[in-house]
Amino acid sequence: MGLKFGVLMDPLPTINPKKDSTLAMMVAAQNKGWDIFVIEQNGLFILDAEVQARQLRITIDESKADWYQIEEEIITPASELDVILMRKDPPFDMEYIYTTYMLEQVDRAGTPVLNNPASIRDCNEKLFALLFPECCPPHLVSRNQDMLKAFHGKHQDVIFKPLDGMGGASIFRAQKHDPNLSVILETLTAHGTRQIMAQRFIPEIKQGDTRILLINGEPVPYGLARIPADGETRGNLAAGGEGVARPLNKRDLWIAEQIGPVLREKGLYFVGIDVIGDFLTEINVTCPTCIREIDKGFQLDIAGDYINFIETHLAQ
């Protein structure tokens, strides 16, 4: 009998089946004979101190335009599933935090949730990277505009970004004598009421912002260099960047080696880190992507490797 494989994710009709990493994981689980149960964020609720989940049991056939078939809709305690993947995309708002609280309760009840909900909640994807300063570019986190301007004055060419952004949204580059510096800082900090991050600009972004995937703290040996479009400084695919798969270099592997033990300790079993040149810029723990693009470049099966890890993890 197959395992009951739960996936908390965005609504199925919003998924791009050609690119979606969560779908790749579900297909790999189905290939093992596991039953796939999809949960939307609004399908979790607590009744008499027990977390319940409204679930769609689906089957998947990627050869068809209508790639999923709903077999049944059920409501059961979430703990009746054998494992749950937390694969809901940000925004990382209060609803997201409430979801992690409920999933944490499910995990305590005996159904493993991957990634660990408490660690997802605690590890801001930009601030978490700063736990590894030897890997990071010069940086400042502040809402004080005088401090931010002084940082810019020292480094001359700086990236400013919000701590809760995704997909390259609201990222600004301020070069020497930039006349818009004050308005950039006023906007991002909401006039000094919100913390933001400043990083020295890394010119190697021209060669790409590389997404590196780690399974149980071990890097997949290939990454996806997301190369900015002409006139852009952002490599994010959502911002028009072009993805080119490439082997990891020695610096990439060294950065992964520094981070891996902490990821395992925190139960962050599927993680995407972003590296520009020699520097770590972010650690993505919520819903890392790029499985399909890296697979295609080097005939890999990253989702299959992750599902094999989950199978071993459950057995232990």
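Residues numbered from 1 in each chain as written. Predicted model: local features only at pLDDT ≥ 70, side-chain atom pairs only at ≥ 80, totals over all residues. Heavy atoms only, no water.

## Some details on the sheet that holds strand β9 (residues 158–162)
Stage number 1. Strand order in this open sheet of 4 strands is β8-β11-β9-β10, and the pairing throughout is antiparallel. Only two strands of the sheet have a single partner each, and these edge strands are β8 (139–142) and β10 (172–174). Each neighbouring strand pair of the sheet contributes to a mean axis angle of 20 degrees, computed without reference to strand direction.
Stage number 2. Bridge analysis of β8 against strand β11 (residues 196–200) gives 4 bridges, and the strand direction is antiparallel. Looking across to β11, one finds that Ser142 is bridged to Ile196. (Pairing = 2+ DSSP bridges. Helix = DSSP H or I, 4+ residues; strand = E, 2+ residues; numbered from the N terminus. Axes fitted to C-alpha atoms, helices over the stretch in contact; angles between N-to-C directions.)

## Points about the packing of helix α4 (residues 145–155) against helix α5 (residues 181–189)
Stage number 1. Interhelical geometry of α4 versus α5 gives an angle of 130 degrees and a closest axis separation of 11 Å. Here α5 runs oblique to α4, going by the angle between their axes. Crossing of α4 against α5: the hand is right-handed. Here Gln145, Leu148, Lys149 and His152 of α4 come into contact with α5, specifically with Leu181, Ser182, Leu185, Glu186 and Thr189.
Stage number 2. Its residues assigned to classes, the contact of α4 with α5 shows 3 nonpolar, 4 polar and 2 charged. (Parallel < 35°, antiparallel > 145°, perpendicular 65-115°, else oblique. Left-handed = near helix turned anticlockwise from the far one by under 90°. Contact = heavy atoms within 4.5 Å. Nonpolar A, V, L, I, M, F, W, Y, C, P; charged D, E, K, R; others polar.)

## Quick notes on the environment of Asp274
Stage number 1. Among the secondary structure elements, Asp274 is positioned in strand β16 (residues 270–276).
Stage number 2. Take Asp274: its relative accessible area is 6%, and that puts it in the buried class.
Stage number 3. It is 6.4 Å that separates the C-alpha atoms of Asp274 and Asp209, two residues lying 65 residues apart in sequence.
Stage number 4. Contact partners of Asp274, with chain neighbours within four places excluded, come to Asp209, Thr210, Arg211, Arg226, Phe279, Leu280, Thr281, Glu282 and Asn284.
Stage number 5. Engagement of the side chain of Asp274 in a polar contact is seen with the side chain of Arg226, the distance being 2.9 Å.
Stage number 6. There is a polar contact of 3.2 Å between the side chain of Asp274 and the side chain of Asn284. (Buried < 20%, exposed > 50% of the residue type's maximum accessible area, 1.4 Å probe, protein only. Polar contact = N/O pair within 3.5 Å; in protein donor to acceptor, adjacent residues only side chain to side chain.)

## Some thoughts on the pairing of strand β3 (residues 44–47)
Stage number 1. Bridge count for β3 against strand β4 (residues 50–60) is 4 bridges, and the pairing is antiparallel. Within the sheet, the bridge partner assigned to Leu47 lies in β4 and is Glu50.
Stage number 2. Hairpin connection between β3 and β4: a loop of 2 residues separates the two successive antiparallel strands, and Asp48 in this loop has a positive phi of roughly 50 degrees.

## Points about helix α8 (residues 302–315)
Stage number 1. The terminal C-alpha atoms of α8, which comprises 14 residues, lie 20 Å apart, in line with the 20 Å expected from a rise of 1.5 Å per residue.
Stage number 2. Residues of α8 that are buried: Ile302, Ala303, Gly304, Tyr306, Ile307, Phe309 and Ile310. (Expected span 1.5 Å × (residues − 1).)

## Examining the pattern of salt bridges
Stage number 1. A full pass over the atoms with the stated rule returns 14 salt bridges.
Stage number 2. The salt bridge involving Lys32 is made with Glu311; its shortest N-O contact spans 3.0 Å. In this pair, Lys32 sits in the loop between α1 (21–31) and β2 (35–39) while Glu311 sits in helix α8, placing the two residues 279 residues apart along the sequence.
Stage number 3. According to the relative accessible area criterion, Lys32 is partly exposed, its value standing at 34%.
Stage number 4. Of the charged contacts, one joins Arg173 and Asp157 as a salt bridge, the two residues approaching to 2.6 Å between their closest N and O atoms. Of this pair, Arg173 sits in strand β10 while Asp157 sits in the loop between α4 and β9, placing them 16 residues apart in sequence.
Stage number 5. Exposure remark for Asp157: the relative accessible area of 17% places this residue in the buried category.
Stage number 6. Through salt bridges that share partners, Asp209, Arg211, Arg226 and Asp274 make up one connected network. (Salt bridge = Lys/Arg side-chain N within 4 Å of Asp/Glu carboxyl O.)

## Here's the deal with the packing of aromatic side chains
Stage number 1. A complete count under the given rule lists 8 aromatic pairs for this structure.
Stage number 2. Aromatic side chains Phe92 and Tyr96 sit 4.9 Å apart centroid to centroid with 35 degrees between the ring planes, which places their arrangement in the tilted category.
Stage number 3. Overall, Phe92 belongs to the partly exposed group, its relative accessible area being 31%.
Stage number 4. Given a relative accessible area of 0%, Tyr96 falls into the buried group.
Stage number 5. Where Phe270 meets Tyr306, the ring centres are 4.9 Å apart and the plane angle is 40 degrees; that geometry is what we call tilted. In this pair, Phe270 is assigned in strand β16 and Tyr306 in helix α8, connecting sequence segments 36 residues apart. (Phe/Tyr/Trp six-rings, centres within 6.5 Å; stacked < 30°, edge-to-face > 60°.)

## Comments concerning the state of the cysteines
Stage number 1. Counted by the stated rule, this structure contains 0 disulfides.
Stage number 2. Looking at Cys136, it has no disulfide partner, and the nearest cysteine sulfur is the one in Cys135, 6.2 Å off.
Stage number 3. Classification of Cys136 as buried rests on a relative accessible area of 9%.
Stage number 4. Cys290 carries a free sulfur, and the closest cysteine sulfur to it, the one in Cys287, is 11 Å from it.
Stage number 5. Classification of Cys290 by relative accessible area gives buried; the value is 3%. (Disulfide = S-S within 2.5 Å.)

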